[in-house]
Amino acid sequence: MPDLSFVFAQSVSGLTAAMFLFLIASGLSLIFGVLRVLNFAHGTFYMLGAYAAYQFVQWTGVGGGMFWVAALGAAGAVALLGGIVERLLFRHLYAKEELYQLLFTYALALILSDAAKMIWGTQQKSVSRPPELTGALSLFGATVPHYNLFIILLGPAIALTVWFVLQRTRVGRFIRAAALDRETLGALGVNVDALYTWVFVIASFLGGLGGALISPMRATVPGMDTEVIVEAFVVVVIGGLGSLWGTFLGAVIYGQVLSFGILFFPRFSIFAVFALMAGVLIVRPWGLAGRPLK
Amino acid sequence: MIARLGRLPWGLFVLIAAFCVPAMGSRFYTFLANDIVIWALFATSLNLLVGVTGLVSFGHAAYFGIGAYATGLLMKKLSVPFLLAFPAAGVLAGAAALAFGFFCVRLTRIYFAMLTLAFAQIVWAICFKWNEVTGGEQGMPEIPYPSFDWIPALPVVGGWRTAEYFYFLTLLMVALCLWALRRIVGSPFGRMLTTIRENPERAEFIGVNVRRYELAAFVLAGAFAGMAGGLFGIFNRGVFPDFAYWTKSSEVLIMTLLGGMGTFYGPAIGALVLILLNQQIVAYTEYWPFVLGTVLVVLLFAFPGGIAGAIGAMARRLTRPRRA
């Protein structure tokens with residue numbers, strides 16, 4: 001049995017990874033829940049968020065709070081792109097078959113990730129941590145960087161914010177209604193088209209923010225999008241497609257399984273994650289916290 | 001006139017033409033043709049699920065990968081002759097498809113696609129990490145060619161290079177597989193799969209065990225994908241974990257869609273066009289995915305029936321009897 005501080009450190013690293021995955025997967029889940037489209041391009045939005053953050057930091061530096069400006073700016077830029085893509089292209093696909101939707105989002109992922117390669121090349125890009133959070137904390141004999149702590153706190157904060165918007169605001173009510181019955185909502189005089197665009201913008205913002213915030217921790221490289229999208233699929237499937245807290249739960253489970261899997265079965269931790277996904281799909285296809293579709 | 005053209009045995013013509021490719025003397029053309037032929041089988045096997053039965057699999061590469069590893073391992077490590085190792089790829093991939101498909105066919109639509117993806121990623125993870133058997137991340141290089149020692153002794157057919165013999169062999173095997181697939185699609189069983197695609201509830205009402213039919217289609221599609229994989233491993237002179245990675249599944253799905261899911265030979269045409277296009281484009285730019293994505297977007301919006309669908313529509317317009 002490894003000692004306690006090691007276990008603690010491992011679970012902190014799992015939790016940090018989980019919060020990033022939550023940021024990405026929550027957007028994926030939101031789009032699926034409302035628009036009923038599984039968005040392969042969401043991972044690419046995350047990657048673009050990381051590249052955009054790198055670009056902004058190149059201009060502003062990370063000191064004096066500029067990192068946060070850059071991160072929010074990057075997420076905003078990705079959100080804007082998401083809105084444009086939804087308005088111009090996505091909206092023509094809602095009536096088509098799933099296969100067409102899936103392949104369209106995949107095509108979009110191909111185009112956007114290659115565009116990123118054209119702009120930023122294939123060299124890996126890194127961003128330094130914001131100076132406010134470069135320190136580390138000693139907890140139970142393990143060293144926890146401030147930045148990780150911040151991410152671990154940010155995850156629940158974002159989850160609560162999204163929950164609040166969905167449950168307690170007028171727009172949130174409309175979004176939930178659109179997920180249930182888009183036509184009736186439209187007949188009641190709500191502009192559903194605009195609502196869909198907003199859902200897409202919010203989801204892209206979350207994905208972009210995830211990418212921007214991970215840029216000081218992991219190098220930004222081409223191909224990170226195809227990796228992360230599969231991870232995000234695992235998370236939303238485990239938690240339940242379309243469910244916010246399910247996604248949160250799925251992310252935490254994923255992070256812990258991966259980081260403890262590496263501890264106990266170093267070779268098969270990736271395997272364990274996908275096996276978990278398959279297991280959940282077999283037993284409860286709608287996920288641990290989701291509800292069956294119609 | 002055009003209606004009569006449709007009745008000619010085009011499959012035979014294509015096969016004869018394909019046999020003549022090495023006679024053009026270019027090793028590169030033979031290489032390209034070999035690649036196309038194998039992918040044509042892979043895409044056609046997927047179409048049995050997607051186009052014929054209406055099941056969108058996002059993990060078809062799993063069976064391609066299993067077949068490739070099966071043939072590769074048997075031929076390289078156990079020196080099993082090709083004539084045993086090749087069907088073994090189909091049997092093993094079919095067995096895996098039976099085990100995975102048993103669970104998959106219980107789910108519908110998006111959940112079906114997700115579960116096929118999950119199983120494919122499991123296969124990929126195993127290939128990626130099980131170093132002792134699969135060679136792990138490094139894959140398994142130097143898969144031997146089947147033995148062609150006895151051929152040069154024969155009259156007429158002697159005198160080619162090994163890669164060319166392998167091409168002829170591939171062509172023969174793929175032609176047999178496509179013929180079998182064609183028979184399956186045209187059989188009462190195949191018709192029932194189409195019924196299930198069109199209206200599963202109705203199929204259930206008339207007493208068809210929908211899940212069992214879907215599972216049978218899943219197993220057959222997996223087995224043929226496995227044989228395509230077995231050929232590809234030898235052709236590629238090595239087997240690597242990314243054969244089973246999810247991007248391979250989407251690649252073959254794109255081929256199927258590009259060619260046209262509504263017709264039997266559509267996916268094969270898709271494989272041909274996509275590989276030739278790729279070969280042309282990469283000569284000019286490294287941004288092949290960008291081009292592919294753009295082609296795909298245009299296709300989805302303008303030609304949802306794919307190339308074969310567009311040709312079919314054009315032929316119908318030309319042959320339609322004119323009314324005054």
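## Looking at the overall build of chain B
And then number 1: A tally of regular secondary structure across chain B gives 15 helices and 2 strands.
And then number 2: Compactness check: chain B gives a C-alpha radius of gyration of 20 Å against a globular reference of 20 Å for 324 residues, within 12% of the reference.
And then number 3: The principal-axis extent of the C-alpha atoms belonging to chain B is close to 65 × 45 × 40 Å.
And then number 4: Counting over 324 residues, chain B shows a buried share of 51%.
And then number 5: Once local pairs closer than 6 in sequence are excluded, the contacts in chain B between residues at least 24 apart make up 74%.
And then number 6: For chain B, the separation between the mean place of its 23 positive charges and that of its 13 negative charges on side chains is 15 Å.

## Quick look at the pairing of strand E2 (residues 142-145) of chain A
Residues and elements named next belong to chain A.
And then number 1: What you see with E2 is a clean split: Ala-142 and Val-144 sit on the buried side and Thr-143 and Pro-145 on the side with no burial.
And then number 2: In terms of strand pairing, strand E1 (residues 136-139) meets E2 through 4 bridges, oriented antiparallel. Bridging from a neighbouring strand, Leu-139 pairs with Ala-142 of E2.
And then number 3: The turn linking E1 back onto E2 is made up of 2 residues, and Phe-140 within it adopts a positive phi angle of 50 degrees.

## A word on the environment of B:Leu193
All names here are of chain B.
And then number 1: Turning to its location among the elements, Leu-193 is positioned in helix H9 (residues 188-198).
And then number 2: Between the C-alpha atom of Leu-193 and that of Gly-51, which follows or precedes it by 142 residues, the distance is 9.9 Å.
And then number 3: What Leu-193 contacts, discounting residues up to four positions off in sequence, is Leu-48, Val-52, Thr-53, Tyr-213 and Ala-217.

## Concerning the interface of chain B and chain A
Quite often, the size of an interface is put as the accessible area lost when its parts meet.
And then number 1: Contacts between the two partners involve 42 residues from chain B and, on the opposite side, 41 residues from chain A.
And then number 2: Summed over the shared surface of chain B and chain A, the result is 0 salt bridges.
And then number 3: At the surface where chain B touches chain A, the tally comes to 3 residue pairs in polar contact (both at pLDDT 80 or more).
And then number 4: Broken down by secondary-structure element, the contributors of at least two residues to the side of chain B that touches chain A are helix H6 (109-129), helix H7 (131-134), helix H12 (246-259) and helix H14 (288-302) of chain B.
And then number 5: The biggest single contributor to the side of chain B that touches chain A is H6(B), with 14 residues.
And then number 6: Of the residues assigned to the side of chain B that touches chain A, the class counts are 33 nonpolar, 6 polar and 3 charged.

## Looking at the pattern of salt bridges
Residue and element names in this part refer to chain A.
And then number 1: Scanning the entire structure with this criterion turns up 5 salt bridges over all chains.
And then number 2: Where Arg-182 meets Asp-193, a salt bridge forms, and the shortest distance between an N and an O atom there is 3.1 Å. Here Asp-193 lies in helix H8 (residues 192-214) and Arg-182 lies in helix H7 (residues 182-187), a separation of 11 residues in the sequence.

## A closer look at helix H13 (residues 266-284) of chain B
All names here are of chain B.
And then number 1: Spanning 19 residues, H13 covers 27 Å between terminal C-alpha atoms, matching the ideal 27 Å at 1.5 Å per step.
And then number 2: Along H13, the residues classified as buried are Gly-266, Pro-267, Ala-268, Gly-270, Ala-271, Leu-274, Ile-275 and Ile-281.
And then number 3: Against helix H3 (27-53), H12, H14 and helix H15 (306-319) lie the buried residues of H13.

## Remarks on a positive patch on the surface
Residue and element names in this part refer to chain A.
And then number 1: Where like charges cluster on the molecular surface, the positive patch consists of Arg-168, Arg-170, Arg-173 and Arg-176.
And then number 2: It is helix H6 (residues 170-180) that provides the largest number of residues to the positive patch, a total of 3 residues.
And then number 3: Within the element layout of this structure, Arg-168 appears in helix H5 (residues 146-168).
And then number 4: Here Arg-168 falls in the exposed class, since its relative accessible area comes to 53%.

## Comments concerning a nonpolar patch on the surface
And then number 1: Residues A:Ile282, A:Val283, B:Phe102 and B:Phe103 make up a contiguous nonpolar surface patch of about 340 Å² in total accessible area.
And then number 2: Positionally, B:Phe103 belongs in helix H5 (residues 82-104).
And then number 3: Relative accessible area serves as the criterion here: at 31%, B:Phe103 is assigned to the partly exposed category.

## What to know about the confidence of the model for chain A
And then number 1: For chain A, per-residue confidence averages 84 on the pLDDT scale, and 99% of positions sit at 70 or higher.
And then number 2: For chain A, per-element mean pLDDT is lowest for E1(A), which scores 77, and highest for helix H2 (residues 42-60) of chain A, which scores 90.

Parameters at a glance
- Residues numbered from 1 in each chain as written.
- Chains lettered and ligands numbered in written order.
- Predicted model: local features only at pLDDT ≥ 70, side-chain atom pairs only at ≥ 80, totals over all residues.
- Heavy atoms only, no water.
- Helix = DSSP H or I, 4+ residues; strand = E, 2+ residues; numbered from the N terminus.
- Rg over C-alpha atoms; globule rule 2.2 N^0.38 Å.
- Buried < 20%, exposed > 50% of the residue type's maximum accessible area, 1.4 Å probe, protein only.
- Contact = heavy atoms within 4.5 Å.
- Lys, Arg positive; Asp, Glu negative; His and termini not counted.
- Charge placed at Lys NZ, Arg CZ, Asp CG, Glu CD.
- Pairing = 2+ DSSP bridges.
- Salt bridge = Lys/Arg side-chain N within 4 Å of Asp/Glu carboxyl O.
- Polar contact = N/O pair within 3.5 Å; in protein donor to acceptor, adjacent residues only side chain to side chain.
- Nonpolar A, V, L, I, M, F, W, Y, C, P; charged D, E, K, R; others polar.
- Expected span 1.5 Å × (residues − 1).
- Patch = residues over 30% accessible without salt bridge, like charges linked within 9 Å, V, L, I, M, F, W, Y side chains within 5 Å.
- Areas by Shrake-Rupley, 256 points an atom, 1.4 Å probe, with all protein chains shown as cover.
- pLDDT = per-residue confidence, 0-100.

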